[in-house]
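# Fold and contact review
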Amino acid sequence: MRVGKVRVVDANGKSWEVALGAKGNRLSVSVPAEILSQAAYPLAIDPVIGAEFGMDKPLLLPTTGGLDTEWIFNGKDYFVVWSAGSQVFGAWFTTDGVMVDVIEIAISPRATAPGRAWPNYPTVASNGSGYLVVWHEDSPISLETDIYGARLTSDGVALDKDGFAISIGAEYQAFPEVASNGTDYLVVWIDSRNSTCPCDNSTTLADIYGTRVTTAGVVTHPNGLPISRAENQQY
């Protein structure tokens, strides 16, 4: 329950604001003698009482469910990203856990868009002036996955509403991670282009590949650069 200001109103409609006191689990209102001497009777004592979260200050929560949540802190608020159904979403939260925006930001296109698939495992990094969100998309037809990304400004404006391809090679590119040097971004992922399956028993299993992505959203190595191609599985 939330209790606001208390006013005393007399028979002529004149009103005064008075103090509200609390002791234990009881509330009390004291009307000063000078108000009583001026007032026309009868008096009405009118406190403002309402729900804990009033309509003037709604409690904001994401409207979508969330999986694969990642977050980053900008020194003031948290920017959180997650996958929900057929899209990747994001939103800012205060350090008290209150959602800042009225509604979450749609970062990726829907999986039903032509040529796109289900987004999973989003992650995020900031270069200090914006954000890069990356994720992998699972194709229910080919059983292959690709890496996509999208940029946002520091105030949450999506710069790439359809996202852009970071790695769409053959086989399996998945579980991306991203970091920034303060200007550009480095995106890395698990890649099975050199294996028939990332989970088979051959001597060459999944490797680690990566690429730099500039602030302008340019993928400098569209085919990816091998970072680790050692024997056995690389994670």
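Summarised in this report is the structure supplied together with it. Predicted model, so just to flag it, every value in this text is computed and none were measured. (Residues numbered from 1 in each chain as written. Predicted model: local features only at pLDDT ≥ 70, side-chain atom pairs only at ≥ 80, totals over all residues. Heavy atoms only, no water.)

Attention shifts here to the overall build of the protein chain. A tally of helices and strands in the protein chain yields 1 helix and 17 strands. The buried share of the protein chain, reckoned over its 235 residues, is 38%. Look at the contacts in the protein chain between residues 6 or more apart in sequence, and 42% of them connect residues 24 or more apart. Accessible area for the protein chain stands at about 13400 Å²; split by element, carbon and sulfur atoms hold 55% of it. (Helix = DSSP H or I, 4+ residues; strand = E, 2+ residues; numbered from the N terminus. Buried < 20%, exposed > 50% of the residue type's maximum accessible area, 1.4 Å probe, protein only. Contact = heavy atoms within 4.5 Å. Areas by Shrake-Rupley, 256 points an atom, 1.4 Å probe, with all protein chains shown as cover.)

Moving on to the pattern of salt bridges. Any two side chains of opposite charge can pair if their charged atoms end up close together. One pass over the structure, following the stated rule, counts 5 salt bridges. The residue Asp191 makes a salt bridge to Arg193 at a minimum N-O spacing of 2.8 Å. What makes Asp191 buried here is its relative accessible area of 0%. Looking at Arg193, the relative accessible area reads 30%, which means it is partly exposed. (Salt bridge = Lys/Arg side-chain N within 4 Å of Asp/Glu carboxyl O.)

Attention now moves to the packing of aromatic side chains. Under the defined criterion, the tally for this structure stands at 7 aromatic pairs. Over the ring of Tyr209 we find Arg193, and its NZ or CZ is 4.0 Å from the ring centre. (Phe/Tyr/Trp six-rings, centres within 6.5 Å; stacked < 30°, edge-to-face > 60°. Lys NZ or Arg CZ within 6 Å of the ring centre and 35° of its normal.)

Cis rather than trans, the peptide bond between Tyr41 and Pro42 has omega equal to 5°. For Tyr121, which is not glycine, the phi torsion reads 50° and is therefore positive. Turning to its location among the elements, Tyr121 is positioned in strand E10 (residues 118–126). For Tyr121, a relative accessible area of 39% corresponds to the partly exposed category.

On to the environment of Gly128. Tracing the backbone shows Gly128 in the loop between E10 and strand E11 (130–138). With a relative accessible area of 71%, Gly128 lands in the exposed category. Each C-alpha atom of the pair Gly128 and Asn74 lies 8.0 Å from the other, and the pair is 54 residues apart in sequence.

With that out of the way, let us pick up the pairing of strand E16 (residues 207–213). Among the 7 residues of E16, 6 are classified as buried, and the element is accordingly described as predominantly covered. Note that E16 and strand E17 (residues 225–228) share 3 bridges and pair antiparallel. Paired with Ile208 across the bridge in E17 is Ser228. (Pairing = 2+ DSSP bridges.)

Turning our attention to the side chain of Arg151. Within the secondary structure, Arg151 sits in strand E12 (residues 145–153). Arg151 sits in the buried class, given a relative accessible area of 15%. Engagement of the side chain of Arg151 in a polar contact is seen with the backbone oxygen of Thr215, the distance being 3.0 Å. Looking at Arg151, its side chain comes within polar contact range of the main-chain oxygen of Ala216, at 3.5 Å. Not counting residues within four places of it along the chain, the set of residues in contact with Arg151 comprises Tyr131, Leu132, Val157, Ala158, Leu159, Asp160, Phe164, Thr215, Ala216 and Gly217. (Polar contact = N/O pair within 3.5 Å; in protein donor to acceptor, adjacent residues only side chain to side chain.)

Strand pairing in a sheet relies on backbone hydrogen bonds. The paired strands run either parallel or antiparallel. In spatial order, the strands read E14-E15-E16-E17; together these 4 strands make up an open sheet with antiparallel pairing. The sheet terminates laterally at strand E14 (173–180) and E17, the two strands that pair on one side only. On average, each strand axis in the sheet is tilted by 30° relative to the strand beside it, whichever way the strands run. Two strands pair when backbone bridges link them, and strand E15 (residues 185–191) and E16 are joined in this way by 7 bridges, in the antiparallel orientation. Bridge pairing in E16 places Val188 opposite Gly210. (Axes fitted to C-alpha atoms, helices over the stretch in contact; angles between N-to-C directions.)

Taken together, the 4 strands give an open sheet; going across it, the order is E6-E7-E8-E9, and neighbouring strands pair in antiparallel fashion. The sheet is open, and its two borders are formed by strand E6 (67–73) and strand E9 (105–106), each paired with just one other strand. Summarising the sheet, strand E7 (residues 78–84) and strand E8 (residues 87–93) pair through 7 bridges and their orientation is antiparallel. When the sheet's bridge partners are listed, Val80 is paired in E8 with Ala91.

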